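# Report on the structure
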Amino acid sequence: MSYLAFLAVQQLRARPWQSALLVLSVSLGVAILTTALSLTNGFEKDLVDRLLGTSPHVAIHEPLTGRLTDHEAIARRLSGRPNVLAVTPYVQGQGLVTTEAKTTVGVLVRGVDPRLERANPTWQRYMRSGTLSPGGLVLGSEVARKLGLAEGDRAWLVTGLGQRRGLTVTGIFETGLYDFDAHVAMVSLQDAQRAFGLGDAVSGLGVSLDDVFQAPALAQTWSRELEVGARAWTEQNRPLLQAMFLERVVIFIVIMFIVLVAMMGVGSTMAMWVIEKNREISLLRAVGASAREAGRLFVVQGTLISVVGVVLGSLGGVVLSSLLAVFPLQLAGEVYFLSRLPVDMQARDFVLVALATLVLSPVASLLPAWRAMRLDPIEVIRRT
């Protein structure tokens, strides 16, 4: 094998431009695929982080009436349990926000405890200005833009019960999730209870966990134990999570075809080399090399091209992903939920792409190897 590697290197060096183009084709495919996966990872990670920052990990609710009357007792039972970080009550319902200029926007009204929200570092990260307080109204950035409202302005909240309450805008939040920023308004828990006529009841309890991936199992356990409805964040966002998984698979398969085409180009070029070098191959066979060794020579060449292409392509993917992290692509938030495309490079993706490319290299070398093995050295030498 050592002398076959030596001969393979010498043949590649004898055609520097062709060899460079073959390596470049493989490296471009690897770089594009690793960069695409890094962008997909960043999109998924950022979107999930924002979803977890704006919704409870597990939502406890009453599925029949929509009113949770014994929420304080349930909160005491859940507080202090393993995996549970916080249990907070909330009220949620549909409403309208209108201004003195008669501009109206439909919103999802969320009533929360201002003291608990102010202690939430995740929520504070999304507050662009101001804070939530009793008698106040905190609007999503897109809701405020549509209504032309700023901190300190007066607005009215209208609910389905026909109630119209005057509130002062005390804050603006921006999560980067267009759907949330354009359709959510926050008020204090007491104001929401009065607006929806709930009395002391709430719509549900939001449970925050130290391990968000334990949410589905804990939701099932608590639903049976507490005899209430319990929905994990994965269930609430199941269509979105399934779409992201399918998107990742499709991107990998589609862009992997670029690598496959590059490897087929490598195989076709080396097959032409067999025709050009049939005399040299025949001489190699005549001095004692077997047909299998002649075939392995081209397998080694294809592997060398793939290895160099994978290394250069991986480095190119790191460089390109780093550039996109510094200069992110801007997105239409109303379409893609996010306003920019983040990057998250993961070692497993680079390893997976490298392994897939190296597995394809012997396949691409089969045609030239097969042609080299079928050469009749006596016939070739006789003709030349």
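The structure we're discussing is the one just above.
The following paragraphs examine the structure supplied in this document. A quick note: this is a predicted structure, and the numbers were derived from the prediction, not measured. (Residues numbered from 1 in each chain as written. Predicted model: local features only at pLDDT ≥ 70, side-chain atom pairs only at ≥ 80, totals over all residues. Heavy atoms only, no water.)

A few words on the packing of aromatic side chains. With the rule as written, the count across this model stands at 2 aromatic pairs. Across from the ring centre of Tyr 90, 5.2 Å away, lies the NZ or CZ of Arg 110, which sits over that ring. (Phe/Tyr/Trp six-rings, centres within 6.5 Å; stacked < 30°, edge-to-face > 60°. Lys NZ or Arg CZ within 6 Å of the ring centre and 35° of its normal.)

Next up on the list: helix 15 (residues 347-364). The terminal C-alpha atoms of helix 15, which comprises 18 residues, lie 26 Å apart, in line with the 26 Å expected from a rise of 1.5 Å per residue. Listed in full, the buried residues belonging to helix 15 are Asp 349, Phe 350, Val 353, Ala 354, Thr 357, Leu 360, Ser 361 and Ala 364. Down the axis of helix 15, the sector holding all buried residues measures 130 degrees, keeping them to one side. Exposed positions of helix 15 whose direction lies more than 90 degrees from the buried face are Ala 347, Arg 348, Leu 355 and Val 359. (Helix = DSSP H or I, 4+ residues; strand = E, 2+ residues; numbered from the N terminus. Expected span 1.5 Å × (residues − 1). Buried < 20%, exposed > 50% of the residue type's maximum accessible area, 1.4 Å probe, protein only. Arc of directions from axis to C-beta.)

Structurally, Asp 191 can be placed in helix 8 (residues 189-195). Since its relative accessible area comes to 5%, Asp 191 is described here as buried. Only 2.9 Å separates the side chain of Asp 191 from the side chain of Ser 188, close enough to count as a polar contact. A polar contact is formed between the side chain of Asp 191 and the side chain of Arg 194, at a distance of 2.5 Å. (Polar contact = N/O pair within 3.5 Å; in protein donor to acceptor, adjacent residues only side chain to side chain.)

Most of strand 8 (residues 184-188) is tucked away, with 5 of its 5 residues classed as buried. Relative to strand 8, strand 3 (residues 104-112) runs parallel, the two being bridged by 5 bridges. Of the residues in strand 8, the one forming a bridge with Arg 110 is Met 186. Taken together, the 2 bridges between strand 5 (residues 136-140) and strand 8 define a ladder with antiparallel strand orientation. Each residue of the ladder has a partner; that of Leu 139, found in strand 8, is Ala 185. (Pairing = 2+ DSSP bridges.)

Looking at the element boundaries, Val 359 is found in helix 15. Distance in space between the C-alpha atoms of Val 359 and Ser 306 is 9.4 Å, their sequence separation being 53 residues.

In this section: the pattern of salt bridges. Close approach of charged atoms lets side chains of opposite charge pair. With the rule as written, the count across this model stands at 9 salt bridges. In this structure, the salt-bridge partner of Arg 145 is Glu 142, at a minimum N-O distance of 2.9 Å. You can see Arg 145 and its partner Glu 142 sitting in helix 6 (residues 141-147), 3 residues apart, about one turn around the helix. Overall, the relative accessible area of 54% leaves Arg 145 in the exposed class. With relative accessibility at 18%, the residue Glu 142 sits in the buried group. (Salt bridge = Lys/Arg side-chain N within 4 Å of Asp/Glu carboxyl O.)

Tracing the chain through its elements places Val 169 in strand 7 (residues 164-173). Taking relative accessible area as the criterion, Val 169 reaches 1% and is therefore assigned buried. Linking Val 169 and Arg 154, residues 15 residues apart in sequence, is a C-alpha distance of 6.2 Å. Those residues in contact with Val 169 that lie beyond four places of it in its chain are Leu 137, Leu 139, Leu 149, Ala 150, Glu 151, Gly 152 and Asp 153. (Contact = heavy atoms within 4.5 Å.)

Here we come to the pairing of strand 3. Bridging between strand 2 (residues 84-98) and strand 3 involves 9 bridges; their strand directions are antiparallel. Residue pairing across strands places Leu 96 opposite Gly 106, the latter belonging to strand 3. Joining the antiparallel neighbours strand 2 and strand 3 is a turn of 5 residues, in which Lys 102 adopts a positive phi near 70 degrees.

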